[in-house]
Every structure is written in structure tokens, then in C-alpha cells.
Amino acid sequence: MNFRSLLIPLLAAGSVLALFGALLLGSTPMAPERVLAALFGLADAADSTVVWQVRLPRALAAFVVGLALGGSGAALQGLLRNPLAEPGVLGVSASAALGATFVLYYGFAAPSAWLLPTAAVAGAVLATLLIAAAAIRTSSVVTLILIGVGLSSFAGATMSLLMNLAPTPFSLFDMINWMLGSVANRSFPDVAFSAPFITAGLAVLFWGRRGLAALGLGEEAAAGIGLNVRRQRLLVVAGAGLATGGAVALAGTIGFVGIVAPHLVRPLVNHDPARSLLPSALLAGLMLVLADIGVRVLPTNTELKLGVVAALVGAPAFVWIAMRRRTVNPGAD
Amino acid sequence: MIAEPNIELAVEDLCVRAGDVLLVDRASLRLRSGELAVMLGPNGAGKTSLLRAALGLMAPASGTVRLQGGLLSSLTPTERARQISYLPQQRPLVWPSPVRDIVSLGRFAWGCAPGRLAEEDRRAVEGALAACDLLDLADRAADTLSGGELARVHCARAFATGAQLLLVDEPVTSLDPRRRFQIMELIRSQVRAGVGAFVVLHDVALAARFADRLIWMKNGRIVADGPPSATLSEERLADVYGMRCRIEGVRVEMVAPL
């Protein structure tokens, strides 16, 4: 047994511990026995409400959002062969948030609970399709990232427009929440609505992960060793679009965790994008659960938004990764 | 896993277009196992396009490619990759993976992935590493290797597949003379083991030294196809490359552009 074979069990155990920690900590800390009693239905109504209605769904929401973003980030990095690819950088998250904002603007969220996640997923898939179409035409990853910047800006501008024209202060508040990214006040039904998209997306990514290793040779050689490159591109685009859309529907836009987690995992899995998929997803989930605990216990007047914290930590990490980047042989992109 | 012996790839009247431009013009050739064929021609002659179309990676405008009599296009990418190994001209490695993992990707068509090799795949990978003198470098990260070492890694990746045909596009460009010889020796050793190799080169002297057969291409057409003794001449080099040369046996000396 070496550390590499223990990576996934360690991350899984860490995630379970962090989730349990999220139940203990909060504005009023609870002792482990009280939490356990509440989990197994042996506690009073107040405790069991705090655990089952407030803390557990919120922590689970942070975890599944992390799973989706970490897995999508690792897969997109494998597909685009660039360590800086991520749903946020490529404009997928912003486009998903735009979809959600439209629903909020027109007040469609109330009549059908499915509409918001569906709109977010549609926004995400549309953006991912655009990126993939561009990826067919150009081999330059810089171009793709620039297209992502353009997509993000456009989605941001359209969201600003919708906020500008917001019919009521309430809808404005809802929209701002999507843009900042948060898992506060999420319920089990909220998680359940996004879960099918995230599960389906991650399943597709995981199913097609072997091809990501092949793409490490470049698309031409990958096709030579028997990879159907077009199909692989479609799988990753669909998977990342579904998972990211589900994540944004649940928590709004949370950036950079999809870059940072795979970046930390990669050296531990021989830089193989296929083998980085599951650990990256787990690590991103773990990171978001911990970050959300931090957001909750920090003694601030107004609770910090998870997306704001993620960006404050992640954006400098993005710059650092970009500056340290070296390619194996020049001309690779 | 042993592919069929005496395999044959037959290209018949192949035309490849890009927009209005005819890149390959009615090319026909046959590649067999146990033979080292080298394709020569100036930049833009259509060598890479012909190679890619022969592999089915590029749709031809017309013509057919048959592998053992059956249409190549009827094979899945995996079935094709098990029988024909391809080393493209552009070989961008993105991740600093260990050498053994890169070579393992040669077994992709057999259903395995790096870090997850069946016994037979492991043997093929170790065999390819040994053949290319890479056992000492097997755990090194790709970004710590020199150009010559990387060239050997790519060869080992192509050899690990165990395919009976090997299509290689400019394997020695940017290598020094000694490394060029080394790579051609590696390909030659595969041919001795029964593989059919089809190699695109720009180094005419190297081609003359190693090839059983030279295929000359110019303006999208195959203008000559035969053993060096029959097709290598000062007139041919003048015609194909526009170069004045001196030739003695298989020794080629470029003198000046015409």
C-alpha cells in the first residue's frame, strides 16, 4: 500500500469527517453526542431540526457542488489539455447563472421547482457546446479561454441588465444571491432537484474518463491509438455541462475550486487526467464543506457568501498556477 | 494479441481535398509487413495528408483504403488501432507524466489505461521500453527528458501496441544525426520482427540508407515507388526537390538548389 492507493479512501474519509464537522459547528456549536442522537432521531425537536433541516442539507449541498465542480474541472482540463480550464474560466458557470437569473427575473421559480435547475443546466450546456464547437476549430487553448472570458462577460452583462430592470427588490436580492454563490438555507428538496443533473453529469464524465488519458498525447495521436475524439469531446462537454448546471442551480456561481482541487491532486496521480477525476471531485467537495464551515463560524455581521470566499482564495491560486506553468515541449499549445 | 501476419494496407486511387485544393491526387500504394517504406517529398507534397487519409483520420474525397481486403472505414477506431500504429508529426505531450504511463497508452486500443494494465499489456509495455532502451528512464517525468529521449518514448508508445503496421510521420525532424540513426535503427528492428513500417522523412540520405522502398511524392502525386536502387537518382532529386545532388550508391550529397 502506498500513499497513491490510499488517496481516494483518505479523501472519502476526510469528506465524511468534514460533513460531520459541519453538523457540529455553527452559530451554536453542538456536542458530537447531540449530533449523533439527532441524526438517529433520538434527540429533541430543536436539535433534530437544526441537524436535519439546516446543517445537513447545507453541508451536503456544499459537498455535491464541490463534487460537480471538481469533477468537471478535472475533466475539462483533460479535454482541453490545460491546467487552467474550469467551468468558471470557460464561462460555463456564468452562463448557467444567467439561465437561473432569467427564471428568477420572470418569477418562474415559484410555479415549478424544476425550472430553475433546468434553466441553469441549459445555460451551462449551451456555453459548453459553444466552447466545444470552438475547440473543434482551433487547437489553441488560449483562444478557448478567451472565448470563455467573453462568454462570462456577456453573461455578466446580461445579468446586470436583468438586475437593472429587476421588477422587485426581492427578485433583485435573489439574483444577487445567484451571482455571489452560497449554500445558505438550502433544503433537502433543493439538493434533490440538482442531484440528478450532477449525478448524471459525473457519471458521464467518469464513464468516459479513459479517453482523457489518451488525449494527453494530443488529439492526433489520441485518434491514432483508437480514441473517437469527437465522441470524447461530446461526452466531456455533456457531462461537465450537466454537472456544472446542477451545481449552479443549487449554489449559484462558485469559481476556482474546479482549478485548485485538480491542481493539488494531479501530482499524486502521475498527472493522469483520468485518474485525477474522482480524487479531484472528492477534494473539491471536501474543500467546499470546510469553506462553508468557515463562512458559518466566522464572526461577521453579515454571513460571507461561499462563492466570494472561494474566489478570494481561488483567484490568487489561479494566477499562481498560470505563472508557474510550463509545457513538456514548446509548441504544445 | 498477435495481429495477422502478412498484413496488407492497400490504398487505391485516393484523392484528398481541402476546400478547392487537391492535396492528394489519385494516390495508390500497398504497404506490407516486413518492409520499411519511406515516403519522400518536399513540404506541401501531400505526404501527411496521404498518411492521415490512409489511416482513416481524414476523409478522402474519393478512393478506397483496404486492410486485408476489407474496407478500413468499416473498422471501429479501436479495431484499426490494434492493427495500425501511428506516430504523428505533432507530438505534444501536455502533462509531465512518467515515461511508463505514456508508453502504456500504446495499449489503449486493447482496453487498458495507464496504471491499469493486464499482464499481457504489461509485457508489451516493458518489451517496448526495453527495445527503445528506456528502462532506466521509465519512471522519469516527460518534462525532464531531452528531445532525443522523448523521440524514443514516442517510438516505444507506438511499438507497445504490437500492431503489424507502423505509420510514422517525420520521426527524426529536429534530432541530431546520431539520434536520427538511433530512431531509424529502432524502426528497422521492428521491421526485422515482421512489422511493416511506412515512414515519412525529409532526410534523403537517411532514407536511402534505411529504406527497402522509396515512395516519392510531388504536388499530391506519387511520382515513383520502388527500391532505392531503382528510384534514387540525381534526376529524381532535381525533379522532386529542385535540388542538384551527387549520388553514389545510397550516398546522397546535396549540392545546390536548381
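## A few points about the overall build of chain B
- In terms of helices and strands, chain B carries nine helices and twelve strands.
- A compact globule built from 258 residues would reach a C-alpha radius of gyration of about 18 Å, and chain B, at 18 Å, matches this within 12%.
- Taken over the C-alpha atoms alone, chain B extends approximately 55 × 40 × 35 Å along its principal axes.
- Charge separation in chain B, taken as the distance between the mean sites of 31 positive and 30 negative side-chain charges, equals 1 Å.

## Side note on the pairing of strand β4 (residues 62-67) of chain B
All names here are of chain B.
- By the bridge criterion, five bridges tie strand β1 (residues 8-18) to β4 in an arrangement that is antiparallel. Bridging across to β4, Val 11 finds its partner in Val 65.
- Bridge count for β4 against strand β5 (residues 70-71) is two bridges, and the pairing is antiparallel. The partner of Leu 67 across the bridge, within β5, is Gly 70.

## Some words on the interface of chain B and chain A
- Listed per partner, the contact involves 31 residues of chain B and 32 residues of chain A.
- Note on chain B versus chain A: buried area summed over both sides is about 2800 Å², and carbon and sulfur give 60% of it.
- When the buried area of chain B at its contact with chain A is split by residue, Val94(B), Trp95(B) and Phe108(B) rank highest and sum to 29% of it.
- If you look at where chain B meets chain A, you find two salt bridges.
- Put simply, Glu220(A) and Arg52(B) hold a salt bridge, and the shortest N to O gap is 2.6 Å.
- Linking chain B with chain A are nine residue pairs in polar contact (both at pLDDT 80 or more), by the criterion used here.
- The biggest single contributor to the side of chain B that touches chain A is helix α2 (residues 77-83) of chain B, with four residues.
- Taken together, the residues of the side of chain B that touches chain A sort by class into 20 nonpolar, four polar and seven charged.

## So, the confidence of the model for chain A
All names here are of chain A.
- Mean pLDDT for chain A: 87, with 95% of residues reaching 70 or above.
- Confidence scores differ between elements of chain A, with helix α7 (residues 169-180) showing the lowest mean pLDDT of 81 and helix α13 (residues 273-297) the highest of 94.
- Contacts from residues 329-333, a stretch scored under 50 in pLDDT, to residues over four places away or in other chains number eight contacts.

## Some points on the nonpolar core
- Membership of the largest hydrophobic core comes to 115 residues, with the highest contact counts inside it found for Val38(B), Val103(B), Phe159(B), Ile187(B), Leu201(B), Trp216(B) and Leu232(B).
- Setting aside residues up to four positions removed in sequence, Trp216(B) forms contacts with Leu40(B), Val204(B), Arg221(B), Ile222(B), Val223(B), Ala224(B), Thr231(B), Leu232(B), Arg236(B), Leu237(B), Val240(B) and Tyr241(B).
- Counting residues in each nonpolar core, the second largest holds 38 residues, with Ala18(A), Val183(A), Val257(A) and Ala281(A) among its members.

## A look at the sheet that holds strand β7 (residues 165-169) of chain B
All names here are of chain B.
- Judged by pairing direction, the sheet is mixed, and its six strands sit side by side in the order β6-β7-β8-β3-β9-β10 without closing on themselves. Edge positions in the open sheet fall to β6 (84-87) and β10 (221-226), since each of these has one partner strand only. Sheet twist, expressed as the mean angle between neighbouring strand axes with direction ignored, is 15°.
- Two elements, strand β9 (residues 213-218) and β10, share five bridges in a ladder whose sense is antiparallel. Each residue of the ladder has a partner; that of Leu 214, found in β10, is Gly 226.
- Running at roughly 150° to β7, helix α1 (residues 47-55) makes contact with β3 (36-40), β6, β7, β8 (196-200), β9 and β10 of the sheet.
- Contacting β3, β9 and β10, helix α9 (residues 234-241) runs over the sheet at an angle of about 35° to β9.

## So, the sheet that holds β4(B)
- What the four strands build is an open sheet, ordered β2-β1-β4-β5 (chain B); its pairing is antiparallel. Two strands close off the open sheet at either side, each with one partner strand: β2 (21-32) and β5 of chain B.

## Remarks on a nonpolar patch on the surface
- Where nonpolar side chains cluster on the molecular surface, the patch consists of Ile176(A), Leu180(A), Val308(A), Leu312(A) and Val313(A) and spans about 410 Å² of accessible area.
- Of all the secondary structure elements, the ones that give two or more residues to the nonpolar patch are α7 and α14 (306-324) of chain A.

## Points about the packing of aromatic side chains
- Summed over the entire model, instances satisfying the criterion amount to five aromatic pairs over all chains.
- Residues Phe102(A) and Tyr106(A) carry aromatic rings whose centres are separated by 6.3 Å and whose planes lie at 5° to one another, so their mutual orientation is stacked.
- Judged by centre distance (4.8 Å) and plane angle (90°), the ring pair of Tyr105(A) and Tyr106(A) falls under edge-to-face.
- Here Tyr105(A) falls in the buried class, since its relative accessible area comes to 19%.
- Among the residues examined, Tyr106(A) registers a relative accessible area of 49% and is labelled partly exposed.
- One aromatic cluster is present, formed by Phe102(A), Tyr105(A) and Tyr106(A) through successive ring pairs.
- The ring of Phe206(A) has Arg209(A) sitting right over it, with the charged end atom 4.1 Å from the ring centre.
- Above the ring of Phe210(B), the side-chain terminus of Arg209(B) is found at 5.0 Å from the ring centroid.

## Focus on the pattern of salt bridges
- Inspection of the entire model under this criterion finds 26 salt bridges over all chains.
- The residue Arg58(A) makes a salt bridge to Glu303(A) at a minimum N-O spacing of 2.7 Å. Of this pair, Arg58(A) sits in helix α3 (residues 45-80) while Glu303(A) is found in the loop between α13 and α14, placing the two residues 245 residues apart along the sequence.
- Between Arg221(B) and Asp25(B) there is a salt bridge; the shortest N-O distance is 2.8 Å. Separated by 196 residues along the polypeptide, Arg221(B) in strand β10 and Asp25(B) in strand β2 bring together distant segments of the chain.
- Three or more residues are tied together by salt bridges with common partners; here these are Glu8(B), Glu12(B), Arg30(B), Arg32(B), Glu35(B), Arg213(B) and Asp225(B).

## Quick look at the packing of helix α12 (residues 257-265) of chain A against α14(A)
Residues and elements named next belong to chain A.
- Two elements in contact, α12 and α14, have axes separated by 9 Å at closest approach and are oriented at 50°. One finds that α12 runs oblique with respect to α14. Considering the relative orientation of α12 and α14, their crossing is left-handed. Along its contact with α12, which presents Ile 259, Val 260 and His 263, the element α14 presents Gly 314, Ala 317, Phe 318, Trp 320 and Ile 321.
- When the residues that make up the contact of α12 with α14 are grouped by side-chain class, the tally is six nonpolar, two polar and no charged.

## Considering the environment of Leu104(A)
Residues and elements named next belong to chain A.
- Among the secondary structure elements, Leu 104 is positioned in helix α4 (residues 92-105).
- Residue classification places Leu 104 among the buried residues on the basis of a relative accessible area of 10%.
- Measuring from C-alpha to C-alpha, the distance between Leu 104 and Phe 173 comes to 9.9 Å, with 69 residues separating the pair along the chain.

Rules behind the numbers
- Residues numbered from 1 in each chain as written.
- Chains lettered and ligands numbered in written order.
- Predicted model: local features only at pLDDT ≥ 70, side-chain atom pairs only at ≥ 80, totals over all residues.
- Heavy atoms only, no water.
- Helix = DSSP H or I, 4+ residues; strand = E, 2+ residues; numbered from the N terminus.
- Rg over C-alpha atoms; globule rule 2.2 N^0.38 Å.
- Lys, Arg positive; Asp, Glu negative; His and termini not counted.
- Charge placed at Lys NZ, Arg CZ, Asp CG, Glu CD.
- Pairing = 2+ DSSP bridges.
- Contact = heavy atoms within 4.5 Å.
- Buried area = accessible area lost by both parts, 1.4 Å probe.
- Salt bridge = Lys/Arg side-chain N within 4 Å of Asp/Glu carboxyl O.
- Polar contact = N/O pair within 3.5 Å; in protein donor to acceptor, adjacent residues only side chain to side chain.
- Nonpolar A, V, L, I, M, F, W, Y, C, P; charged D, E, K, R; others polar.
- pLDDT = per-residue confidence, 0-100.
- Core = buried A, V, L, I, M, F, W, Y, C linked by side-chain atoms within 4.5 Å.
- Buried < 20%, exposed > 50% of the residue type's maximum accessible area, 1.4 Å probe, protein only.
- Axes fitted to C-alpha atoms, helices over the stretch in contact; angles between N-to-C directions.
- Patch = residues over 30% accessible without salt bridge, like charges linked within 9 Å, V, L, I, M, F, W, Y side chains within 5 Å.
- Areas by Shrake-Rupley, 256 points an atom, 1.4 Å probe, with all protein chains shown as cover.
- Phe/Tyr/Trp six-rings, centres within 6.5 Å; stacked < 30°, edge-to-face > 60°.
- Lys NZ or Arg CZ within 6 Å of the ring centre and 35° of its normal.
- Parallel < 35°, antiparallel > 145°, perpendicular 65-115°, else oblique.
- Left-handed = near helix turned anticlockwise from the far one by under 90°.

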